[in-house]
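The lines below spell out each chain.
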Amino acid sequence: MTKRIFYSIFGACLFLLIIVCSVTVQAVYNGLVREQIASLESETRLMATALNHESDKIKSLALFSSKTVRISLIEPDGDVVYDSFKEDNEKADYEDNNSHEEVKLARETGSGFSIRHSNSQSEEIYYYAVLLDDGNVIRMSRSHSTLLNLFYQTIWPMILMVGFLVLFCLGLARILARNIVEPINAIDLADPLNSIPYEQLRPLLTRFDENNKELDRKMKELERRNQEWNALLSSMDEGLLMFSRKGILNYSNTAGNEIFDLEENFDVKENETLKRLFSQALRHHSAKSQLNQNGRIYSLEAASVIATDKVIGVMILALDITEKEEAHQRRQEFSANVTHELKTPLQTISASAELLGSGMVQPNDVPRFAGYITDEAKKMSAMINDIIHLSRLEQESPQNKESINFHEICQKVVTDYQHTAQLANLNLSYEGESVWVPATVVDLESIVKNLLENAIRYNKPEGSIFVRLKRYEHFAQLKISDTGLGIPNEVQDRIFERFFTADPSRNKTGTGLGLSIVNHAVANLGGTIKVRSKVDVGSTFVVRLPLSEQQQEV
């Protein structure tokens, strides 16, 4: 601001200096010209008065000859009979001068004046003529420098003077700029209306004061909300950690400090679990993991923090799931106990079937009871197998998986179920490409088999089943679509629960564990499963599994 004011004042002073110098030179020059003209007029009139009383005018003119003033005597016919700047004054030597402006005016009005430039254009010649009583014209002339020549003659003094004045303007501009800015800089922005240096600044300072009050109000509101936020986070049982993009801890609530035993200036690299979770969240925007710490089990969920389409950090939330895991363990034990208990009724049914076979039942009832017992036995046996499989999936560690060609598994299962589909009058087709995933053969087969069984079981006669396997950049996608009965929207969120079936009437045979097995198998393999379905149109199950390292390199 000081520089801007300085340059403005200096520019104004410099401009004013140029104007003043130009006007001064012009005024001096005009004054000199007027003085020269007045002097020439006075001298010419005096000379005319004197000549009117002289009989020998040429002799008298010779007495008044001067080197600075040129005197000429012009006869009525325009001939110059005397010229003080000429040695020979014979008439033949002069031209007709009646055409000159000053002579013409003198003959018409008694006197005349004109200015003519010399050939060099560096001088001006002033002419003044007076008509004598005898009809002759006395003319006097004097040369004077032009304005440009006068400027050239005074150039160096003017340069020295202008240089001095420029320095003076610089100093004056600096002083004025400082004197203007210092009171403005001294304004107390916290209380701008306390001292107003210039009345013109009052509207601006009033606006500043209003903004200060509004800002103060918002700061108090922000501080209040910050206190509430800190109190809320501190009272949370879940641990919350906020990391910058470089992995430096920016915030941690009380629970987070207790769970991870954090110190000041903690770096995410100091904890291997947090480091791995932090890196995954930066790459994929979210990540999950599990941590056993101090006898407790924590579920860790990480999410990248995005601002203006850029990842600026990572937030990690630690949830205590100890009770949930214990309940899960109890459910696993319950499944094992149920499996064990189901074997007894199976043995009873088998024994009853043997009795029927021995002939102890009436002959007419034998086929009906035998078929019933056999069907129940098969259903219970399938249930036992599913429960055992599900229990294995729940207890299985997701590590130590082999790299398996998913395409070969799909081909084998689809081939095995072609005959079943034909018996149900269904068209089963498969398209796929070679894709490798980290898994086990049992898990992959159980995923494809259970989905195919449901597609066949809940399809319509002359319906279709489409199986597609496709490889993407980071995952393999298995899509199984059917043209069957479909699943109502209100129960789609529950189809992966144990023993749940979308057919309340139980007209379709099934244990209700197939999709639960698929869900657990997919989760153990680090994948996801989604369903899209519409009643009487069909269902589509989409399974995505991560690629093996070998496949990602390819």
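Notes on the structure follow. Please read all numbers here as calculations on a predicted model, not as lab measurements.

What follows is about the overall build of the chain. For the chain, the helix and strand inventory stands at 15 helices and 17 strands. Burial status across the chain gives 36% buried among its 554 residues. By sequence separation, contacts in the chain at least 24 residues apart represent 55% of the contacts at least 6 residues apart. Carbon and sulfur atoms make up 54% of the accessible area of the chain, which totals about 33700 Å².

With respect to the element layout, glutamate 102 can be found in helix H3 (residues 101-109). Among the polar contacts made by the side chain of glutamate 102, one reaches the side chain of serine 114 at a distance of 2.5 Å. Discounting chain neighbours no more than four positions away, the residues touching glutamate 102 are Gly112, Phe113, Ser114, Arg116, Tyr127, Ala129 and Arg139.

So, on to the sheet that holds strand E15 (residues 475-482). One open sheet holds the five strands; their spatial order is E12-E14-E15-E17-E16, and the pairing between them is mixed. Of all the strands in the sheet, just strand E12 (427-432) and strand E16 (528-534) have a single pairing partner and so form its edges. Neighbour-to-neighbour, the strand axes of the sheet open up by a mean angle of 10 degrees, direction not taken into account. Examined bridge by bridge, strand E14 (residues 464-471) and E15 share seven bridges and lie antiparallel to one another. From the neighbouring strand, leucine 469 faces E15, where its bridge partner is leucine 478. Sheet contacts for helix H11 (residues 406-416): E12, E14, E15 and strand E17 (538-546); angle to E12, the most-contacted strand, approximately 170 degrees. Set on the sheet, helix H13 (residues 441-457) makes contact with E12, E14, E15 and E17; between it and E15 the angle comes to about 20 degrees.

A cluster of nonpolar side chains, Phe164, Phe168, Leu172, Leu176 and Ile180, forms an exposed patch at the surface whose accessible area comes to about 450 Å². Mapped onto the elements, isoleucine 180 comes out in helix H5 (residues 155-185).

The rules behind the values
- Residues numbered from 1 in each chain as written.
- Predicted model: local features only at pLDDT ≥ 70, side-chain atom pairs only at ≥ 80, totals over all residues.
- Heavy atoms only, no water.
- Helix = DSSP H or I, 4+ residues; strand = E, 2+ residues; numbered from the N terminus.
- Buried < 20%, exposed > 50% of the residue type's maximum accessible area, 1.4 Å probe, protein only.
- Contact = heavy atoms within 4.5 Å.
- Areas by Shrake-Rupley, 256 points an atom, 1.4 Å probe, with all protein chains shown as cover.
- Polar contact = N/O pair within 3.5 Å; in protein donor to acceptor, adjacent residues only side chain to side chain.
- Pairing = 2+ DSSP bridges.
- Axes fitted to C-alpha atoms, helices over the stretch in contact; angles between N-to-C directions.
- Patch = residues over 30% accessible without salt bridge, like charges linked within 9 Å, V, L, I, M, F, W, Y side chains within 5 Å.
- Salt bridge = Lys/Arg side-chain N within 4 Å of Asp/Glu carboxyl O.

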